[in-house]
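For reference, the chains in residue letters:
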Number of protein chains: 2
Amino acid sequence: MSRAGACMSNRATCAIIIIGDEILSGRTTDANLPYFARRLDELGLVLRETRVIPDSIAVIASTVNEYRAQVDFVLTTGGIGPTHDDVTARAVADAFGVPVERHPEAARRLESYYSRRGTKPNAARMRMADMPRGATLIDNPISQAPGFQIENVLVLAGVPEIARAMFEEIVPRFGRGTPLVTQTIVTTLPEGAFASDLAELQSRHHRVRIGSYPIYERNRHSVHLVLRADDSDLLSTAAKDVDSLLAQLSRSPKDRS
Amino acid sequence: MSRAGACMSNRATCAIIIIGDEILSGRTTDANLPYFARRLDELGLVLRETRVIPDSIAVIASTVNEYRAQVDFVLTTGGIGPTHDDVTARAVADAFGVPVERHPEAARRLESYYSRRGTKPNAARMRMADMPRGATLIDNPISQAPGFQIENVLVLAGVPEIARAMFEEIVPRFGRGTPLVTQTIVTTLPEGAFASDLAELQSRHHRVRIGSYPIYERNRHSVHLVLRADDSDLLSTAAKDVDSLLAQLSRSPKDRS
């Protein structure tokens, strides 16, 4: 997880752990990474890596320990419900070497929620109030059962509606970041027509990160060139150079396809 | 990456590496994991873990080395085009400690493809024929530029249309696997109503893996109970027990919500 570019060096870093057999088996498509990734980027944080791992206490615990030493914030999603395959709280407690214990405020919220609904707060339901010792709560405005934070590890639900609501609850904990400035230039030239020149531009504008993303849509081909930097002057200078390069190549008919 | 369940112990194992800054920044939503995961499951392989990592030679190389020692097959997707941010071939070569060199058959295919299209096979385009020494090709029926395999690492394109075509090309290399048998039971009971009993059923049917997945759709709530095993008799016995449990709980009105 070394930093690839020099241009983002003062930003807080994140890693995401997506927990769930159902994603690894292809039964369920994860919808949390796209949301979290986009929001973290908007907030000025750098998402360094993401892992999708099974509902295994040992794997979750070792992944949490690996990441929490490497990044500022670790987000997990999945495995905090009432059933036997929900093992995230146990695993995170193991990662920190602390016991799981009933969190009084979480228990109060669950009891109040079930009482309002006329539902029995049975042992399985109250298990959702069992958290690593020292955890603080992450509010769940949808179905009350809270997520939790322990040190730099933030444990969120897997159900996307709840995961997103919890994410928005924790935004203030990230502190103020400065989003990268970004510009996308679309061209119908193929990557091979400009790749060498673009590499030269990239090395000249080393504080701007230039990505090249070919898009195939219904047999129409285009390339999105995405420029990202933490300084808008640097960005616009680089963007002008990319524009000039593409304009020049577009006038050179022999290399257009 | 320890194996979580005992029921899948003879299956070939896989890990997937998704390479791309654009996925970590939230700009692009990965579409390859859902496809690969579903197909691997259908083919009887076990997907143990997936990582999304940046376009960094060092990170790609270390991830490849970590995974190739742990699983039977490592699949990578992304980073094999002609632009400066396509660094996967270089990184995989570093992982194996071999040089990158021009692959003659890959070069022949690219030259023939560009010649047919009247396009110049310039340096950037021909760079797509540069691969780790010892690599064998993975056909690309869409745009010719091949993927490659070195030992147990299979390097595929990132563009979903090409990634899927390459995946189907490599299916025979996985050998014959036996897909798990699976059954999904849908209930409108909430997880909390059956979680304790289901945990007891899970421990009785230890060769069947029972997952519980709550679904929220337009305020309608249901739970999908997914049973997976490598033996259909064991599966159907467990499924009958789950059915009986749910039927019994449905008759008990006090715990229905």
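Details of the structure are given in the entry above.
Right, let's walk through the structure included here. Everything numeric here is computed off the predicted structure, so don't read it as measured data. (Residues numbered from 1 in each chain as written. Chains lettered and ligands numbered in written order. Predicted model: local features only at pLDDT ≥ 70, side-chain atom pairs only at ≥ 80, totals over all residues. Heavy atoms only, no water.)

1. Section: the overall build of chain A
Here's step 1: When you go through chain A residue by residue, the secondary structure sums to nine helices and 11 strands.
Here's step 2: Taken against the 2.2 N^0.38 rule, which gives 18 Å for 257 residues, the C-alpha radius of gyration of chain A at 23 Å runs more than 25% over that of a compact globule.
Here's step 3: Principal axes of the C-alpha set define a box for chain A whose edges measure 75 × 40 × 35 Å.
Here's step 4: Across the 257 residues that make up chain A, the buried fraction comes to 58%. (Helix = DSSP H or I, 4+ residues; strand = E, 2+ residues; numbered from the N terminus. Rg over C-alpha atoms; globule rule 2.2 N^0.38 Å. Buried < 20%, exposed > 50% of the residue type's maximum accessible area, 1.4 Å probe, protein only.)

2. Remarks on the pairing of strand β3 (residues 73-77) of chain B
Residue and element names in this part refer to chain B.
Here's step 1: Within β3, five of the five residues are buried, which leaves it mostly tucked inside the rest of the structure.
Here's step 2: Residues Phe73, Leu75 and Thr77 of β3 are buried on one face, and the alternating residues Val74 and Thr76, pointing to the opposite face, are buried as well.
Here's step 3: For strand β1 (residues 13-19) and β3, the ladder comprises five bridges, and the chain directions are parallel. Residue pairing for β3: cysteine 14 is matched across the bridge by phenylalanine 73.
Here's step 4: Here β3 pairs with strand β8 (residues 153-156) via four bridges, running parallel. (Pairing = 2+ DSSP bridges.)

3. Here we look at the sheet that holds strand β3 (residues 73-77) of chain A
Here's step 1: Taken together, 12 strands build an open sheet; the order of strands is β6(A)-β7(A)-β8(A)-β3(A)-β1(A)-β2(A)-β2(B)-β1(B)-β3(B)-β8(B)-β7(B)-β6(B) and the sheet is mixed. Taken across any chain shown, the strands that pair with only one partner, and hence form the sheet edges, are β6 (136-138) of chain A together with β6 (136-138) of chain B. Across the sheet, the mean angle from the axis of one strand to that of its neighbour is 20°, orientation sign disregarded.
Here's step 2: One ladder, built from seven bridges, connects strand β1 (residues 13-19) of chain A with strand β2 (residues 46-53) of chain A; its direction is parallel. Pairing of threonine 13 of chain A across the sheet is with valine 46 of chain A, part of β2 of chain A.
Here's step 3: Here helix α3 (residues 57-68) of chain A sits on the sheet and contacts β1, β2, β3 and β8 (153-156) of chain A together with β2 (46-53) of chain B; the angle it forms with β2 of chain A, its principal contact strand, is near 170°.
Here's step 4: Along the sheet, helix α2 (residues 32-42) of chain B makes contact with β2 of chain A together with β1, β2, β3 and β8 of chain B, crossing β1 of chain B at roughly 170°. (Axes fitted to C-alpha atoms, helices over the stretch in contact; angles between N-to-C directions. Contact = heavy atoms within 4.5 Å.)

4. Some points on the sheet that holds strand β10 (residues 209-217) of chain A
Residue and element names in this part refer to chain A.
Here's step 1: Across the sheet, three strands lie side by side as β9-β11-β10; this open sheet has antiparallel pairing. Single-partner strands in this sheet number two, and they are β9 (181-187) and β10. Across this sheet, the average inter-strand angle for adjacent strands is 20°, counted without regard to direction.
Here's step 2: Where β9 lies against strand β11 (residues 220-229), seven bridges are found, and the strand directions are antiparallel. Along β11, the bridge assignment pairs valine 181 with alanine 229.

5. What to know about the interface of chain B and chain A
Interfaces are often sized by the accessible area lost when the parts come together.
Here's step 1: On the chain A side, the residues contacting the 67 residues of chain B number 67 residues.
Here's step 2: Roughly 5300 Å² of surface becomes buried between chain B and chain A when both sides are summed, with 52% attributable to carbon and sulfur atoms.
Here's step 3: Along the contact surface separating chain B from chain A lie two salt bridges.
Here's step 4: For the salt bridge of arginine 209 of chain B with aspartate 21 of chain A, the shortest nitrogen-to-oxygen distance reads 2.9 Å.
Here's step 5: No other element matches helix α8 (residues 191-204) of chain B, which puts nine residues into the side of chain B that touches chain A.
Here's step 6: Of the residues in the side of chain B that touches chain A, the class split is 28 nonpolar, 19 polar and 20 charged. (Buried area = accessible area lost by both parts, 1.4 Å probe. Salt bridge = Lys/Arg side-chain N within 4 Å of Asp/Glu carboxyl O. Nonpolar A, V, L, I, M, F, W, Y, C, P; charged D, E, K, R; others polar.)

6. Concerning the environment of alanine 135 of chain A
Residue and element names in this part refer to chain A.
Here's step 1: Of note, alanine 135 is situated in the loop between β5 (130-132) and β6.
Here's step 2: On the basis of relative accessibility, which here comes to 8%, the residue alanine 135 falls in the buried class.
Here's step 3: Between the C-alpha atom of alanine 135 and that of valine 155, which follows or precedes it by 20 residues, the distance is 9.9 Å.
Here's step 4: Those residues in contact with alanine 135, other than ones at most four positions away along the chain, are His103, Phe148, Gln149 and Ile150.

7. Some words on the packing of helix α2 (residues 32-42) of chain A against helix α7 (residues 160-170) of chain A
Two measures define how a pair of helices packs: the angle their axes make with one another and the distance between the axes.
All names here are of chain A.
Here's step 1: At a minimum axis separation of 10 Å, α2 and α7 run at an interaxial angle of 20°. On the basis of their axis angle, the class for α2 and α7 is roughly parallel. Handedness of the α2/α7 crossing: right-handed. Contacts between α2 and α7 involve Asn32, Tyr35, Phe36, Arg39 and Leu40 on the former and, on the latter, Pro160, Ala163, Arg164, Phe167 and Glu168.
Here's step 2: Residues that form the contact of α2 with α7 fall into these classes: six nonpolar, one polar and three charged. (Parallel < 35°, antiparallel > 145°, perpendicular 65-115°, else oblique. Left-handed = near helix turned anticlockwise from the far one by under 90°.)

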